[in-house]
Amino acid sequence: MANFLFLALFLLAGTYIRAGNLYTDKYSLSDKKIIEQLAQNQEVFKSANTLEFKIHIKQLLSKNHLSDHHAENVVTHVFTALKNAQEKDQLNTVSTQLFERALKISKEEKRSDLQIWVSLHYAFYFYTYRKYEKCFPLFMYCIKALEETDDSTVIQLSDTYKKIAYFLTTTDDHSKAEEYLLKAAHYSKPNSSEMASILNSLGFCSLQKNNLTKAEYYFRQTLKTALTSGDEVRYAKALGSLAELEIKRKNHPKAIELLKRDIEISEKNGNNQNTMFALVLLSKAYIENGNLKNAEKYLLQAKAYSTSKSYFKSSEYQINEMILKIAQLKGDDATELKARRRLEELKDSLLAFDAKETVLRVGWESQKKQLQMKLAKDKAELEKESYQKISAIVLSCLLLILMVFIIRSYRHKMRSKKGEYERKVLTLTIEKIKSESKLNNTSKTLQSYQTYLSEKNRQIEELETEMQKVKNSSFSGLEEKSGELKKLLESHLMTDENWKNFRNAFIQKYPDHYRELHNQFPDLTDSNLRIIILTKLNMNNTEISRLLGVTIDAVKKAKHRLRKKYENNHETLFGQI
């Protein structure tokens, strides 16, 4: 028996060694070279119609043989998805499905080089059309994967680092973005259009970090490189960047001059987005310079561009904010009312597009950590898959199979439990973030706070129910160890700052009522006021106890003491509004 076990363990060790050898991410340097050559033809792709494009890419692939038909399918799917997105100029089902297929094939074939390349283009597709929440995990995957990958195997290396940097500027991580842009510059061709784009982005990062001298250096380098490469649009963008710098320096005449040149070149080249951005910046310069007439004139031109594309809604929102500001300065009540109405309409529609605030709130480090865990899990699953294939050769070793099955089943069960627990915590956390974001994105009226507190009560009730379920389930050990649900419950409690904002909203809505309370009951404590105001807004004892983080009995006793102390005026004290 001992000899049999020794033999079984020996076979198991050999099997694991062979499995480890089989599990390696594959890449192809010849595929990398061919794909990069194809990417250089993207300008030809853009000018061709769909039929011409299909013929062109088929001819290119017939001349340049990729390693296998899987790689060929991935490349065809990606370039077709990009072409389709360019033609429709919006997110579309066809492009999304093609990217998904390309990503699936890359994963199945364990092609790490193709997976990074597809994920990058898929992420930038969502980024281009302002779907930040969808592009976020894809970019994060690329960032983590690049840390574990040799640069020599990465397809379109400079473009990869550059596009990740663009995303990082959206998350306001300008230091990290600068790091990636410097890497992109290292691999980019000198005096190319791509180098001009990288230099301009480096200038933007310096500008955001308030290093104006460094920003000016990069913007002027962008102008020189754009001229050399013949990229007029990039030259126009650099003029706009310099104008933004001059606005920071309060040199408005110079900024206006630069922006007019930017607009002229952008319009000539048919670049609506850059024209719109320049018009908005020009209006800002005129507002700061006190010329409201010109500011209004150029804002109306910018507004026409902003309504032409659904993904320009965030710019339309910014433009209407500026229109509102001008109307207030001019005392134009009709325009002010119209602008306010449009801003309210845009708030809801923006939630489907420009979710930048959500990305920022989630946080860089926590997301990076979560992604590392996901990557580790994915790798473990691939290792498991490879091991299962090899285990087929030792089916005669019944004991070995039984041991492996028991061990792996136990690990899988534990991972499943942990994953389910973490999903519950994440779902409840996202609900909390959405509720807070909704409050932050509205004018903070008493009505918006009442809605917010009502949602908070529902979320706390869900949390308490979930905690009770976890306590009586197999997840109890996970909650006892991490306490994530308890921490989340505590974070829902009304803070001093929340109370102060809520009280101010109440005063704004019912100033006479609050003044009467203050004058008639001058010795009321802050704790008393919280219970009284929440009661007046038709909240019951259970709802109040949840928000304040106390027991229902504590709320009842507090009310009882107040009724006893002010028994002749208790109707005034607790009467609902």
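Please refer to the structure placed before this passage.
All values derive from a computational prediction rather than experimental measurement. (Residues numbered from 1 in each chain as written. Predicted model: local features only at pLDDT ≥ 70, side-chain atom pairs only at ≥ 80, totals over all residues. Heavy atoms only, no water.)

1. Considerations on the overall build of the protein
Then comes step 1: Within the protein, the regular secondary structure consists of 30 helices and zero strands.
Then comes step 2: The buried share among the 577 residues of the protein stands at 45%.
Then comes step 3: Considering only contacts in the protein between residues 6 or more positions apart, those separated by 24 or more positions represent 66%.
Then comes step 4: Element-wise, carbon and sulfur atoms account for 52% of the exposed surface of the protein, whose accessible area totals about 30,800 Å². (Helix = DSSP H or I, 4+ residues; strand = E, 2+ residues; numbered from the N terminus. Buried < 20%, exposed > 50% of the residue type's maximum accessible area, 1.4 Å probe, protein only. Contact = heavy atoms within 4.5 Å. Areas by Shrake-Rupley, 256 points an atom, 1.4 Å probe, with all protein chains shown as cover.)

2. Here we look at helix 28 (residues 541–548)
Then comes step 1: Among the residues of helix 28, those classed as buried are Ile-544, Ser-545, Arg-546 and Leu-547.
Then comes step 2: Against helix 22 (446–471), helix 27 (526–536) and helix 29 (552–565) lie the buried residues of helix 28.
Then comes step 3: If you check the start of helix 28, you find a side-chain oxygen 3.1 Å away from the backbone N of Thr-542, and it comes from Asn-540.
Then comes step 4: Backbone geometry just downstream of helix 28 places Gly-549 in the positive-phi region, at approximately 75°. (Polar contact = N/O pair within 3.5 Å; in protein donor to acceptor, adjacent residues only side chain to side chain.)

3. Comments concerning empty space enclosed by the protein
Then comes step 1: Enumeration over the complete set of coordinates arrives at two cavities of 30 Å³ or more.
Then comes step 2: A volume near 50 Å³ is recorded for the largest cavity.
Then comes step 3: If you go around the largest cavity, the residues you meet are Tyr-449, Tyr-452, Leu-453, Lys-456, His-492, Leu-493, Met-494, Asn-498, Phe-502 and Leu-547.
Then comes step 4: Every element with two or more residues in the lining of the largest cavity is listed here: helix 22 and helix 25 (496–509).
Then comes step 5: It is helix 22 that contributes the most residues to the lining of the largest cavity, four residues altogether.
Then comes step 6: The residue inventory of the lining of the largest cavity, partitioned by class, reads seven nonpolar, two polar and one charged.
Then comes step 7: Residues lining the lining of the largest cavity come from more than one domain, with at least three contributed by each of domain 2 (389–472) and domain 3 (492–574).
Then comes step 8: Estimated volume of the second largest cavity: approximately 30 Å³. (1 Å grid on protein atoms, 1.4 Å probe; cavity = no way out; pocket = protein on both sides within 12 Å on 5 of 7 lines; lining within 4 Å. Points joined across faces, edges and corners; volume = space filled by probe spheres on them. Nonpolar A, V, L, I, M, F, W, Y, C, P; charged D, E, K, R; others polar. Domains from an automatic or database assignment.)

4. A look at the packing of helix 9 (residues 157–170) against helix 10 (residues 174–187)
A packed helix pair is summarised by two numbers, namely the angle formed by the two axes and the spacing between the axes.
Then comes step 1: Interaxial distance between helix 9 and helix 10 falls to 8 Å at its minimum, and their mutual angle equals 165°. By the criterion of interaxial angle, the relationship of helix 9 to helix 10 is roughly antiparallel. Seen from above, helix 9 lies across helix 10 with left-handed handedness. When helix 9 is examined against helix 10, the residues Leu-157, Ser-158, Tyr-161, Lys-162, Ile-164, Ala-165, Leu-168 and Thr-169 are found in contact with a partner set consisting of His-174, Lys-176, Ala-177, Tyr-180, Leu-181, Lys-183, Ala-184 and Tyr-187.
Then comes step 2: Split by residue class, the contact of helix 9 with helix 10 holds 10 nonpolar, three polar and three charged. (Axes fitted to C-alpha atoms, helices over the stretch in contact; angles between N-to-C directions. Parallel < 35°, antiparallel > 145°, perpendicular 65-115°, else oblique. Left-handed = near helix turned anticlockwise from the far one by under 90°.)

5. Remarks on the packing of aromatic side chains
For any pair of aromatic rings, geometry is given as the distance between the ring centres together with the angle between the planes.
Then comes step 1: Under the defined criterion, the tally for this structure stands at 20 aromatic pairs.
Then comes step 2: Just above the ring of Phe-124 sits the side chain of Lys-163; from NZ or CZ to the centre is 4.8 Å.
Then comes step 3: In this structure, Lys-183 is placed above the aromatic ring of Tyr-180, and the distance from its NZ or CZ to the ring centre is 5.2 Å. (Phe/Tyr/Trp six-rings, centres within 6.5 Å; stacked < 30°, edge-to-face > 60°. Lys NZ or Arg CZ within 6 Å of the ring centre and 35° of its normal.)

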